[in-house]
Amino acid sequence: MEKRLNIKNLSIEELQDWVESAGEKKFRASQIFDWLYDKQIENFNEMKNIPKSFYSLLENEFEIQSLSHLTTQISDNTDTKKYLLQTNDKKLIEAVIIPDGEKNTLCISTQVGCPLDCKFCATGLMGYTRNLTAAEIIDQYILTSKLLAPAKITNIVFMGMGEPLLNFDAVMRSLSIFTNKKTKGISRTKITVSTAGLPEKINALAVSDYRVKLALSLHSPFDKIRNEIMPINKKHSLKDLKPALINYAKKTKTRITFEYTMLKGYNDREEDIEGLVKLSKQIPSKINIIPFNSIAHMSPGGLSAELEPTVYDKLFAFAEELRFRGLTVMIRQTQGDDIAAACGQLAVKH
Ligand code: SAH
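Residues numbered from 1 in each chain as written. Predicted model: local features only at pLDDT ≥ 70, side-chain atom pairs only at ≥ 80, totals over all residues. Heavy atoms only, no water.

A. Up close: the pattern of salt bridges. Within the structure shown, the criterion is met by 17 salt bridges. The salt bridge involving D34 is made with K39; its shortest N-O contact spans 2.6 Å. For D34, a relative accessible area of 26% translates into the label partly exposed. On the accessibility criterion, K39 (42% relative accessible area) is partly exposed. Here the salt bridges do not stand alone but share partners, grouping E14, D169 and R173 into one network. (Salt bridge = Lys/Arg side-chain N within 4 Å of Asp/Glu carboxyl O. Buried < 20%, exposed > 50% of the residue type's maximum accessible area, 1.4 Å probe, protein only.)

B. Quick look at the site of the ligand. Taken together, 21 residues lie near the ligand, and F120, S194, S217, H219 and E259 sit nearest. Measuring from a nitrogen atom of the ligand, one finds a backbone N or O atom of F120 at 2.7 Å. One of the side-chain N or O atoms of S217 is found 2.6 Å from an oxygen atom in the ligand. Protein contacts shield 96% of the accessible area of the ligand, which totals 540 Å² for the unbound molecule. Only strand 10 (191–195), strand 12 (256–262) and strand 13 (285–291) provide two or more residues apiece to the shell around the ligand. Within the shell around the ligand, the residues separate by chemical class into 10 nonpolar, nine polar and two charged. (Near = heavy atom within 4 Å. Polar contact = N/O pair within 3.5 Å; in protein donor to acceptor, adjacent residues only side chain to side chain. Areas by Shrake-Rupley, 256 points an atom, 1.4 Å probe, with all protein chains shown as cover. Helix = DSSP H or I, 4+ residues; strand = E, 2+ residues; numbered from the N terminus. Nonpolar A, V, L, I, M, F, W, Y, C, P; charged D, E, K, R; others polar.)

C. Spotlight on the sheet that holds strand 3 (residues 67–74). Reading across from one edge, 3-4-5-6-9-10-11-12-13-14 is the order of the 10 strands in this open sheet, with mixed pairing throughout. Each edge of the open sheet is held by one strand with a lone partner, namely strand 3 and strand 14 (329–331). Here the strands of the sheet are splayed against their neighbours by 25 degrees on average, with no regard to which way each runs. By the bridge criterion, six bridges tie strand 4 (residues 81–87) to strand 5 (residues 92–100) in an arrangement that is antiparallel. Looking across to strand 5, one finds that Y83 is bridged to A95. (Pairing = 2+ DSSP bridges. Axes fitted to C-alpha atoms, helices over the stretch in contact; angles between N-to-C directions.)

D. Main features of the domain arrangement of the chain. Each domain of the chain was delimited in the assignment, giving domain 1 (5–63) and domain 2 (67–339). The gap between the C-alpha centroids of domain 1 and domain 2 is 33 Å. Here domain 1 meets domain 2 over a buried area of about 1,300 Å², counting both sides, of which 47% is carbon and sulfur. Between E42 and K146 there is a salt bridge, with the nearest N and O atoms lying 2.7 Å from each other. Our count for the contact surface shared by domain 1 and domain 2 stands at eight residue pairs in polar contact (both at pLDDT 80 or more). The greatest single-element share of the side of domain 1 that touches domain 2, amounting to six residues, is contributed by helix 2 (residues 27–38). Split by residue class, the side of domain 1 that touches domain 2 holds four nonpolar, five polar and six charged. (Domains from an automatic or database assignment. Buried area = accessible area lost by both parts, 1.4 Å probe.)

E. The arrangement of the nonpolar core in detail. Residues I32, L58, F158, I289 and L322 are the most contacted members of the largest nonpolar core, which totals 99 residues. For this core, the domains that each give at least three residues are domain 1 (5–63) and domain 2 (67–339). Beyond its immediate stretch of four places on either side in the chain, I32 contacts I7, L15, V19, M47, I50, F54 and L58. L92, C107, A341 and L346 belong to the second-largest nonpolar core, a separate cluster that totals eight residues. (Core = buried A, V, L, I, M, F, W, Y, C linked by side-chain atoms within 4.5 Å. Contact = heavy atoms within 4.5 Å.)

F. Region of interest: the packing of aromatic side chains. Applying the stated criterion to the full structure yields seven aromatic pairs. Both rings, one in Y260 and one in F318, keep their centres 5.8 Å apart while their planes meet at 15 degrees; by these two values the pair is stacked. Here F318 lies in helix 12 (residues 312–324) and Y260 lies in strand 12, a separation of 58 residues in the sequence. Among the residues examined, Y260 registers a relative accessible area of 0% and is labelled buried. Ring-pair connections join several aromatic residues into one group, and the members of that group are W18, F54 and F62. Here the guanidinium or amino end of K39 rests over the ring plane of W35, the centre of that ring lying 4.9 Å away. Here the guanidinium or amino end of K201 rests over the ring plane of F168, the centre of that ring lying 5.4 Å away. (Phe/Tyr/Trp six-rings, centres within 6.5 Å; stacked < 30°, edge-to-face > 60°. Lys NZ or Arg CZ within 6 Å of the ring centre and 35° of its normal.)

Pasting the structure below:
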């Protein structure tokens, strides 16, 4: 049988067009949206207010589920949950829920693997297979929402496997669903897209309707170091990134979050403090310091096997010094490292 398109890949406008071309009234599209995203049904025949003849038509044309849930691992010390999910073509991806009081943050994947090969990141070691579809991004939310119920997902961060801005179209489609008031969505202020730094795509995101928060995986204020640990920097240097980040902050009236994973000897020196202070004066921003989770045990060698975390005392002193110099600094708690669900540890063994 010919492969059917997943209905969750369609925007409301596209669905309206399809509904009309199938000879039905436009309002059916809103009804279908409601069933898909508010009631989160799993079969077309559960759409009670849709005539049977019409949902048979839908059934023939579209599929409705793009992922299945395989396993959940729960961290002993933090209650962080890591979900192993499978696409219909049997690719494995991971999504993570990080609880924090009333807050439950879902960390979403956008690609199977990742092509960027950042030297500190486990996903990079997997290599790259393909982009996820919008439906697969949205279904991570729908599936994990159901598994978490009655608790609710309150925040979404695009910080799982993959580079969101290399899968721009699908990420934008997913944002249109997540931020749609008619769906069980999430406000744009509770959504963060994290990128290794693609200036044109940052500009494109800035002119979109979504105005979500933007995080840049900075990790060093210097091109020389960034070139070593993040190969993408050779293509898009900090000099190229700066105007895009300033523009994003201005357009969205939000500050950029600089993610800063502390790597011993690479970015925890006195000159790094000076570099960060200088950069922060140019770009409206705050810094999120992340303890490095070593990936040496899974690395085949090279730099990724050599990178070590900055010891905690030094990490705290570094953060304090930045605060003293007037920067806004948060320190991200390591969550779920016992189940390899912490930052940069998402990698599925095939
Ligand atoms: N490609 C996107 C999103 C995925 S990475 C990006 O680069 O932003 C999500 C965050 O985890 C990034 O800030 C990344 O730099 C950080 N990270 C990756 N590997 C890590 C590791 N081993 N330890 C701690 N943080 C890591």
